[in-house]
Amino acid sequence: MVDRESVVSALEIVSIGPQAATDSPIVFLHEALGSVSHWGDFPLALCEAVDRSGVVYSRRGHGRSAPFVRRHEPDYLHRAAQQELPAVLAARGIERPVLFGHSDGATIALLYAAAFPDQVDSIIVLAPHIFVEDLTLYGIRAAVVPGAREQLVNKLGRHHWDPESVVAAWQHIWLAPGFREWNIEADIASIRCPVLVIQGLDDAYGTRAQVDGIVEQVSRADMLMLPGVGHAPHREARNAVIDACRGFLALPAV
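Cut-off values and rules
Residues numbered from 1 in each chain as written. Predicted model: local features only at pLDDT ≥ 70, side-chain atom pairs only at ≥ 80, totals over all residues. Heavy atoms only, no water. Helix = DSSP H or I, 4+ residues; strand = E, 2+ residues; numbered from the N terminus. Rg over C-alpha atoms; globule rule 2.2 N^0.38 Å. Areas by Shrake-Rupley, 256 points an atom, 1.4 Å probe, with all protein chains shown as cover. Core = buried A, V, L, I, M, F, W, Y, C linked by side-chain atoms within 4.5 Å. Buried < 20%, exposed > 50% of the residue type's maximum accessible area, 1.4 Å probe, protein only. Contact = heavy atoms within 4.5 Å. Phe/Tyr/Trp six-rings, centres within 6.5 Å; stacked < 30°, edge-to-face > 60°. Lys NZ or Arg CZ within 6 Å of the ring centre and 35° of its normal. Axes fitted to C-alpha atoms, helices over the stretch in contact; angles between N-to-C directions. Parallel < 35°, antiparallel > 145°, perpendicular 65-115°, else oblique. Left-handed = near helix turned anticlockwise from the far one by under 90°. Nonpolar A, V, L, I, M, F, W, Y, C, P; charged D, E, K, R; others polar. Arc of directions from axis to C-beta.

Q: Sorry, what's going on with the overall build of the protein here?
A: Across its full length, the protein carries 11 helices and 7 strands. At 17 Å, the protein has a C-alpha radius of gyration in line with the 18 Å of a compact globule built from 254 residues. Judged by the C-alpha coordinates and their principal axes, the protein covers about 50 × 40 × 35 Å. For the protein, the exposed area adds up to about 11,000 Å²; of that, 52% sits on carbon and sulfur atoms.

Laid out in C-alpha cells, this is it:
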C-alpha cells in the first residue's frame, strides 16, 4: 500500500492557469531530465490558450522535490504512473485530468491511461517512448561522454537540487543491458481515451516508429509530425504545439 500523503509531501507541486476554469485540468509530466522550472513558461501559456487550470510537479529526485529513494530500477516509469501520479491527483482532487507528457513524461501518461482507463479525460504526448531504440541509446551515450556529461550536469544545476543524481539515474537505467528489452506496447492497448501524439522528425532520441506503435495499439490516437523539430517540440515548435492542443482539446467527447 502506497502512503499517498507521504508521496505528495516529498514533491514540488505548482498550480497554474485560470483557476476558475471548469474543464479537466492539465497535468504536466516532465522528461527524464526535467522539473517544474525546466518547462519554462510553456505550461502556463498552454493553459491560458485552452482556458484550463493546470498542475506542474517535479517527480521524486527532480527539481526541488525530495531526493531519489529508488533511482536505478527499470520499473521506474510504471511506478511513476501507478503510484506517484495517482497520489498527486488525489491530493489535488483531480478525477479526470488531461495529461500532457514529454519524453519520459509521455510514457508515464500512456501508462497511467492504460492502468486507469476510466480516470483520464485525454492525453497529449510529445516524443514518447514505448520501446527502446538504438537511436535513443546512441543519443544518451553521446550526452554522457566525458566533457559533455559535465556540461549537461552544470546546465541542469539551475533546475535541480542534485543534477548529478538526475543525470546518473537517466544514464544508468537506459544504458543498462537488461533495459534494452523494455517495451510497453502490450500495456497501452487498454487505453480508451483520445490521444494526441506529437513527434519531431529530427528527434535525436526517437523515431516515427514510436508514434506508429502507439497508433497501432490505441484506437483513438491522432498524430502530428513536425519536420525540422527535435526532441522538444514544445520549445522548438511552440506555436504549432499549442495550436494542435487547442484543436485537440476542443473536440467533442465520443
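On we go.
Q: Where do I start with the nonpolar core in this structure?
A: Grouped burial of nonpolar side chains is what soluble globular proteins tend to show. Ranked by size, the top nonpolar core spans 60 residues in total, and within it Ile123, Trp170 and Val195 carry the most contacts. Contact partners of Val195, with chain neighbours within four places excluded, come to Leu110, Ile123, Val125, Val218, Arg220, Ala221, Asp222 and Phe248. Counting residues in each nonpolar core, the second largest holds 25 residues, with Val36, Leu46, Val98 and Ala237 among its members.

Q: I would appreciate a short explanation of the packing of aromatic side chains in the present structure.
A: Remark: the centre distance and the inter-plane angle together describe each pair of aromatic rings, the angle taken between the planes. Evaluated as defined, the whole model comprises 9 aromatic pairs. Plain terms: the ring middles of Tyr112 and Phe116 are 4.8 Å apart, the flat faces sit at 45° to each other, and that makes the pair tilted. When the centroid spacing of 5.0 Å and the interplanar angle of 75° are considered together, the rings of Trp174 and Phe179 count as edge-to-face. Note on accessibility: Trp174 and Phe179 belong to one class, buried. Among the aromatic residues, those joined into a cluster by ring pairs are Phe28, Trp39, Phe42 and Phe100. When the ring centre of Trp161 is taken as origin, the NZ or CZ atom of Arg64, which lies over that ring, is 4.6 Å away.

Q: Before we go on, may I ask you to explain the packing of helix H5 (residues 134–143) against helix H7 (residues 163–174) in this structure?
A: Packed helix pairs are specified by the crossing angle of their axes together with the interaxial distance, meaning the distance between the axes. Between H5 and H7, the least distance of the axes is 10 Å, while the angle of their chain directions is 140°. Judged by the inter-axis angle, H5 sits oblique to H7. At the point where H5 passes H7, the crossing takes the left-handed sense. Of the residues in H7, those in contact with Thr136, Leu137, Ile140 and Ala143 of H5 are Trp170, Gln171 and Trp174. Classifying every residue of the contact of H5 with H7 gives 5 nonpolar, 2 polar and no charged.

Q: Whenever I open this one, H5 confuses me. Can you help?
A: Think of an α-helix as 3.6 residues a turn; residues three or four steps apart then line up on the same face. Listing the buried residues of H5 in full gives Thr136, Leu137, Gly139, Ile140 and Ala143. Down the axis, H5 shows its buried residues gathered within 160° of arc, on one side only. Turned more than 90 degrees from where H5 packs its buried face, Asp134 and Tyr138 sit exposed. Buried-residue contacts for H5 involve helix H6 (148–156) and H7.

Q: Quick question: what am I supposed to make of the packing of helix H2 (residues 42–50) against helix H11 (residues 238–250) here?
A: H11 packs onto H2 with a crossing angle of 40° between their chain directions and a minimal axis gap of 10 Å. Judged by the inter-axis angle, H2 sits oblique to H11. Seen from above, H2 lies across H11 with right-handed handedness. The segment H2 lies against H11, with Phe42, Ala45, Leu46, Ala49 and Val50 engaging Arg238, Val241, Ile242, Cys245, Arg246 and Leu249. Here the contact of H2 with H11 is built from residues that sort into 9 nonpolar, no polar and 2 charged.

Q: How should the environment of Val88 be read in this particular structure?
A: Looking at where Val88 falls in the secondary structure, it is placed in helix H3 (residues 76–91). Not counting the four nearest positions on each side in its chain, Val88 is found in contact with Val8, Leu11, Ile13, Val55 and Tyr57.

Q: Where do I start with the side chain of His160 in this structure?
A: Tracing the chain through its elements places His160 in the loop between H6 and H7. Since its relative accessible area comes to 2%, His160 is described here as buried.

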